[in-house]
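# Summary of structural features
What follows is the residue order along each chain.
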Amino acid sequence: LDTVFDKAPIGLTFLDPQYRYVRVNETLASLNGLPADAHIGRTPAELLPAVWANVAPIMERMRANGEPVVNVEVHAPIPGRHEEDGCWLASYYPIHVRGALFGYGIVALDASTQKRAELALQLRRQLA
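Residues numbered from 1 in each chain as written. Predicted model: local features only at pLDDT ≥ 70, side-chain atom pairs only at ≥ 80, totals over all residues. Heavy atoms only, no water.

## Side note on the overall build of the protein
- Regarding its fold elements, the protein presents 6 helices and 5 strands.
- Ordered by position from N to C terminus, the α and β elements of the protein give α-β-β-α-α-α-α-β-β-β-α.
- With respect to the three principal axes, the spread of C-alpha positions in the protein is 60 × 30 × 30 Å.
- With 128 residues in all, the protein has 39% of them scored as buried.
- In the protein, 36% of the contacts between residues at least 6 apart in sequence involve partners at least 24 apart.
- Split by element, the accessible area of the protein, about 7800 Å² in all, is 58% carbon and sulfur. (Helix = DSSP H or I, 4+ residues; strand = E, 2+ residues; numbered from the N terminus. Buried < 20%, exposed > 50% of the residue type's maximum accessible area, 1.4 Å probe, protein only. Contact = heavy atoms within 4.5 Å. Areas by Shrake-Rupley, 256 points an atom, 1.4 Å probe, with all protein chains shown as cover.)

## Digging into the pattern of salt bridges
- Here the structure, examined in full by the defined rule, presents 3 salt bridges.
- The salt bridge partner of D6 is R23, with a shortest N-O separation of 3.3 Å. Here R23 lies in strand β2 (residues 21-24) and D6 lies in helix α1 (residues 2-7), a separation of 17 residues in the sequence.
- Residue D6 is classed as partly exposed on the basis of its relative accessible area, which comes to 34%.
- Judged by relative accessible area, which is 31%, R23 ranks as partly exposed.
- One salt bridge in this structure joins D16 and R20, with 2.7 Å as the shortest N-O distance.
- Exposure remark for D16: the relative accessible area of 11% places this residue in the buried category.
- Through salt bridges with shared partners, a single ionic network connects D2, D6 and R23. (Salt bridge = Lys/Arg side-chain N within 4 Å of Asp/Glu carboxyl O.)

Structure (structure tokens):
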């Protein structure tokens, strides 16, 4: 399972209950524009404030009701390329062990290219 986690073509991470990164795969690190080890022990609010501004309400809703939040489009500037907005399709899962909150699993897929193509198609239709 470690190999699947590390080599998956989608972003995977695990946050502790205080939203600190515990584990980050290389795909998510690439999406975030930082090395995987630079995440560990830090929070998304510290590392990715523009992304966190959009994700924090989702995480708080999940924390409050204990239910996963799946397939959410997240829009924010792409880290390291502030002139360009990114789009991620993300899912957030609370992880419980023996009834206690252990942390949060997050799965993220970069949908930026698809979103740009979708917007171009919409514009083309409007101009036709």
